[in-house]
Each structure stands twice: as structure tokens, then as C-alpha cells.
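# Structural description and commentary
Here is what each chain is made of, one letter per residue.
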Amino acid sequence: MTAPPPAAGERQVGRVVASHGRQLDVEDANGVRHPSRLHGRQLRVVCGDQVHFGYASAGDTQANVYDILPRRRLLERLNGRGLPEPVVANLTQLVVVIAPEPRPDWEVVDRYLAGAEWASIAALIVLNKSDIDTDATRAAGAQLGTYAALGYPVLACSTRGAPGIDALRLQLKDATSVLVGQSGTGKSSLLNTIVPEARAVTQEISAATDEGRHTTTTAALHDIEGGGALVDSPGVRDYAPPLPLARQIGEGFREITAAAAGCRFADCLHRTEPGCQVRAAAAAGTVTARRYQSYLRLLTLVDRFDDPSRPGGGSRPPRR
Ligand SMILES: Nc1nc2c(ncn2[C@@H]2O[C@H](COP(=O)(O)OP(=O)(O)OP(=O)(O)O)[C@@H](O)[C@H]2O)c(=O)[nH]1
Ligand SMILES: [Mg+2]
Ligand SMILES: [Zn+2]
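Procedures and definitions
Counting from 1, residues in each chain are numbered in the order their sequence is written. To read the labels, note that chains go from A and ligands from 1, taken in the order they are written. With pLDDT at 70 or above as the cut-off, local features in this predicted model cover only qualifying residues; side-chain atom pairs require 80 or more to be listed or tallied, and sums for whole chains, interfaces and linings still use all residues. Only hydrogens and water are removed before side-chain values are computed, so all heavy atoms of the structure are retained for them. By convention a nonpolar core is built from buried Ala, Val, Leu, Ile, Met, Phe, Trp, Tyr and Cys residues, the set being connected through side-chain atoms within 4.5 Å. Note on classification: 1.4 Å probe, protein chains only; a residue is buried when its accessible area is under 20% of the maximum for its type, exposed when over 50%, partly exposed between these limits. Strands are runs of DSSP state E lasting at least 2 residues, helices are runs of H or I lasting at least 4, and numbering of each runs from the N terminus. We call two residues in contact whenever any of their non-hydrogen atoms come within 4.5 Å of each other. A donor here means an N, O or S atom no more than 2.8 Å from the metal, or no more than 3.2 Å when the metal is Na, K or Ca. Since water is not included, a site may seem to lack partners. Residues are labelled near a given molecule or strand when at least one of their non-hydrogen atoms is within 4 Å of it. Polar contact is the term for a pair of N or O atoms within 3.5 Å; when the atoms are in protein, one must be able to donate a hydrogen and the other to accept it, and sequence-neighboring residues count only if both atoms are side-chain atoms. We call Asp, Glu, Lys and Arg charged. Ala, Val, Leu, Ile, Met, Phe, Trp, Tyr, Cys and Pro are nonpolar, and the rest, Gly among them, are polar. How far a helix is expected to stretch is found by multiplying one less than its residue total by 1.5 Å. Any two strands are treated as partners once DSSP identifies two or more bridges connecting them. Only rings of Phe, Tyr and Trp enter the pairing, Trp through its six-membered ring, and a pair is recorded when the two centres are within 6.5 Å. The plane angle decides the type: under 30 degrees is stacked, over 60 is edge-to-face, the rest tilted. In this analysis the charged atom, NZ for Lys or CZ for Arg, is taken to sit over a ring once it is within 6 Å of the ring centre and within 35 degrees of the ring normal. Segmentation of the chain into domains, including their bounds, is taken from an automatic or database domain assignment. By convention, the term buried area covers the 1.4 Å-probe accessible surface removed from two parts as they join, with the contributions of both added. The term salt bridge refers to a pairing of a side-chain nitrogen on Lys or Arg with a carboxyl oxygen on Asp or Glu at a separation within 4 Å.

### Concerning the nonpolar core
- Judged by nonpolar contacts, the single largest core of 31 residues is most densely connected at L75, L94, V109, Y112, L113 and V178.
- At the level of secondary structure, the elements contributing two or more residues to this core comprise strand 8 (93-98), helix 1 (106-118), strand 9 (122-127), helix 2 (135-149), strand 11 (176-180) and strand 13 (229-232).
- No other element matches helix 1, which puts 6 residues into this core.
- Setting aside chain neighbours within four positions, we find Y112 in contact with L94, V96, V180, G181, V236 and Y239.
- I256, C263, A281 and F305 belong to the second-largest nonpolar core, a separate cluster that totals 26 residues.

### Section: the coordination of the magnesium ion (ligand 2)
- S188 (OG) and T216 (OG1) make up the full set of protein donors to the magnesium ion (ligand 2), lying at 1.9 to 2.1 Å. Here S188, found in helix 4 (residues 187-194), pairs with T216, found in the loop between helix 4 and strand 12 (220-223); they are 28 residues apart in sequence, far enough to count as distant.

### Focus on the site of ligand 1
- By nearness alone, 22 residues border ligand 1, and D131, S183, K187, S189 and T215 come closest of all.
- Between ligand 1 and N128 there is a distance of 3.2 Å, counted from a nitrogen atom to a side-chain nitrogen or oxygen.
- For the shell around ligand 1, the per-class residue count stands at 2 nonpolar, 15 polar and 5 charged.

### Side note on the coordination of the zinc ion (ligand 3)
- At 2.1 to 2.4 Å from the zinc ion (ligand 3) lie its protein donor atoms, namely C263 (SG), C268 (SG), H270 (ND1) and C276 (SG).
- Within one chain, the residues donating to the zinc ion (ligand 3) are spaced in sequence as C-x4-C-x1-H-x5-C.
- On the basis of relative accessible area, H270 is assigned to the buried category, the value being 5%.
- Given the relative accessible area of 5%, C276 is considered buried.

### Observations concerning helix 7 (residues 289-306)
- In this model, helix 7 (18 residues) spans 26 Å end to end at C-alpha, consistent with the 26 Å of a helix rising 1.5 Å per residue.
- By the burial criterion, the buried members of helix 7 are R291, Y292, S294, Y295, L296, L298, L299, L301, V302 and F305.
- On the buried face of helix 7, the contacting elements are strand 6 (74-78), helix 1, helix 2, helix 5 (254-260) and helix 6 (277-284).

### Overview of the pairing of strand 1 (residues 12-20)
- Looking at chain direction, strand 1 and strand 4 (residues 50-54) are connected through 4 bridges and run antiparallel. Pairing of R15 across the sheet is with Q50, part of strand 4.

### Considering the packing of aromatic side chains
- Counting across every chain of the model gives 4 aromatic pairs.
- Ring centres 5.8 Å apart and planes at 20° place the aromatic pair W106 and Y147 in the stacked group. Linking W106 in helix 1 with Y147 in helix 2, this pair joins segments that are 41 residues apart in sequence.
- Between the aromatic rings of Y292 and Y295, the centroid separation amounts to 6.4 Å while the plane-to-plane angle is 15°, which identifies the pairing as stacked. A residue pair is termed a helical-turn pair when its members lie 3 or 4 positions apart in one helix, as Y292 and Y295 do in helix 7 at 3 residues. Y295 shares its class with Y292; the two are buried.
- Among the aromatic residues, those joined into a ring-pair cluster are F253, Y292 and Y295.
- Just above the ring of Y66 sits the side chain of R11; from NZ or CZ to the centre is 3.6 Å.

### Remarks on the domain arrangement of the protein chain
- Domain boundaries assigned for the protein chain yield domain 1 (12-68), domain 2 (74-232) and domain 3 (246-306).
- Computed from C-alpha atoms alone, the centre-to-centre distance between domain 1 and domain 2 is 27 Å.
- Every contact between the two is made by 13 residues of domain 1 and, on the other side, 14 residues of domain 2.
- On the domain 1 side of the interface with domain 2, the three residues burying the most area are R15, V46 and C47, jointly 45% of the side's total.
- The interface formed by domain 1 and domain 2 includes 1 salt bridge.
- The tally of links from domain 1 across to domain 2 stands at 4 residue pairs in polar contact (both at pLDDT 80 or more).
- In terms of residue count, the dominant contributor to the side of domain 1 that touches domain 2 is strand 1 (5 residues).
- Among the residues making up the side of domain 1 that touches domain 2, the classes are represented as 4 nonpolar, 4 polar and 5 charged.

### A short note on the pattern of salt bridges
- This model, assessed by the stated rule, comprises 16 salt bridges.
- In this structure, the salt-bridge partner of D303 is R271, at a minimum N-O distance of 3.2 Å. Taken together, the residues D303 in helix 7 and R271 in the loop between helix 5 and helix 6 connect sequence positions 32 residues apart.
- For D303, a relative accessible area of 34% translates into the label partly exposed.
- Relative accessible area serves as the criterion here: at 29%, R271 is assigned to the partly exposed category.
- One salt-bridge network, in which partners are shared between bridges, spans D110, E255, R290 and R291.

Okay, structure coming up:
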């Protein structure tokens, strides 16, 4: 749809539905899209942001985005220097998409979930491509049981006819959800199934490497008929959320938080401290060894970014 440009100087509130560097698509209150550019060098806008925008003069083909309204929840990632970068703003739910192919990287799943816990964002896990009838699918399904036991909603679905899409629709209703996960798990395919008008580009996984090829390169937001919005995001090879202090890392892992209540020391990091109930639980299997490893590796990452003598170290701004 094309809109008559608003009168020069008039500013309205809109929502960023796509962002390609400094070029944006802003949707106004009537659902009309306005190609826009950032006004001001310092502005850093992401998909999902609420912004003030308007046309500088009548007849302009592009609107200007002047500023960002306060963000509620924000999905962020750590860049290589250990600095947080915004990915999607004002979301309410993180949907971690895995598949039998490419093989799930569970540490990436744990990091998304930990980031969601630290940022108070609801999260669920979706096993897509459940139409593929292989041991890999069954193994992934079994791992999902661990997460269900922790209270995370989990569901299996497929964009190729097998059941599960209705359950996913129900989870997405009235929420602003972002699809995240490894490249090639079928995030854009899921978006196209839920919002057919989106017509997002999808692509076969490269057969040579069994690695997704990062088909989606920018996040884009689409309204879901009947309520809610869905953001498709580029796949990742690896992911780290912004990290809290070392003693707060455990709060990203529900079972570690629960077991930590029994540790001898209140500031126990659950590494080698005596009287650590988390380590005991990991040895006994009530905390899965794999999740415990994910926890320890995040702690190591905190050490690295806090150590100024290391590359990228000491660059982390103080948090909380
Ligand atoms: N068998 C099967 N294949 C699927 C399913 N969903 C998606 N695919 C295929 O998986 C491949 C990758 O799908 P995409 O939707 O492009 O994956 P993506 O997660 O968006 O990938 P990136 O944009 O790179 O992150 C495509 O060849 C899809 O046709 C499914 O439910 N079953
Ligand atoms: Mg995609
Ligand atoms: Zn402990």
C-alpha cells in the first residue's frame, strides 16, 4: 500500500517492521508502510522499535525516523568484543527453533534460554521438521523432555503437513514473538506457514556442509491474523546473550537456581567450591551434565570479558 505523505513536519508514532542498515520500513497506526531513513548519526534502531517519524517536506518519498520510544523488552546479542547489540525490540516471547537437520547445537539453545531468563522474556522451544522420520528427530525429541521438565513449553511441528502448527499458532497468539536459532532450521518457512503474505525467502541447507547458509539476513516483523506479531530473524552459528555478573549466571538456568539454594556458600559459583549442591546434582544427574557444561562455559565467557589482558577482555560495560 502507498500512502499520501503526511504534512511536512508532522510526526507520528510507528513501528519498525524491517531494518536494512540505515534504511527502514516503518508501519504507521493504520498498517501503512513508510520507507524511511534514520535522521541523526547516533540513532540505532532495530525491528520492533516504536519510533517517531515524519516527512521533512511534502512530496518526499522517504520519511525520517527522529527518535526511539523507550524499549520494553529487548533481545540482544554479544558481539565479538563482548559488547551487547540490540537484535529485536519490544518482543514478549522468544521461540527457539531447532530441527533434526541441521543437528541441534544445544548449547546455543541453553544460551537463548539463559538470555531470556536474565531479560525476563518468556521462551519456548519448537522442534521443526518433525516430518523427517529419523533417529536424529527422535534424539532431539528426547532432549526436549529435559526442557519440558524445567517448565519450558516445547512442541514438535512441521511446515510440511505433520501436526503441530495449530499448537504453535496458539502459542503465538497475541504475543510478539521472535523466531531464533541455527540457520536452516526452518524459521522463515514457519513464518510463511503462519503468515503466508510474508513470502519470506527460504533455501535448502547446503548439502556439502550440512550447515545452514544464512538465507535470512535481516529481522522482519509481520502481523499475525487474529492477533500477535512474528519476527523472523537471521540464523546463527553461535550465540551469546549479554552476560550478567558471574554470580548471576546461574539465574539463567532454572534447575541450577533451584539446586543452588542448598550450596554452603551464598556466593557459590558451582565450580569447585566445597558443599556445592549444583555440582552434586550434576554428578547425580538431577541437573543434566550437558546443561551444567553450558553453565560453566558461560562463566568462562564472563571471565574472558572481564579480563582486560585478553583480546576483547575488559570491554564489557558495567551491568546492573
Ligand atoms: N522436511 C522439512 N523441511 C523443512 C521444514 N521447514 C523448512 N524446511 C526446509 O528447511 C530448509 C531451510 O528453511 P528456511 O526456512 O530457509 O530456514 P531458516 O531457519 O529461515 O534459515 P536462515 O534464514 O538461514 O536462518 C528449506 O529447504 C526448507 O524447505 C519442515 O517442516 N520439514
Ligand atoms: Mg530464514
Ligand atoms: Zn554451588
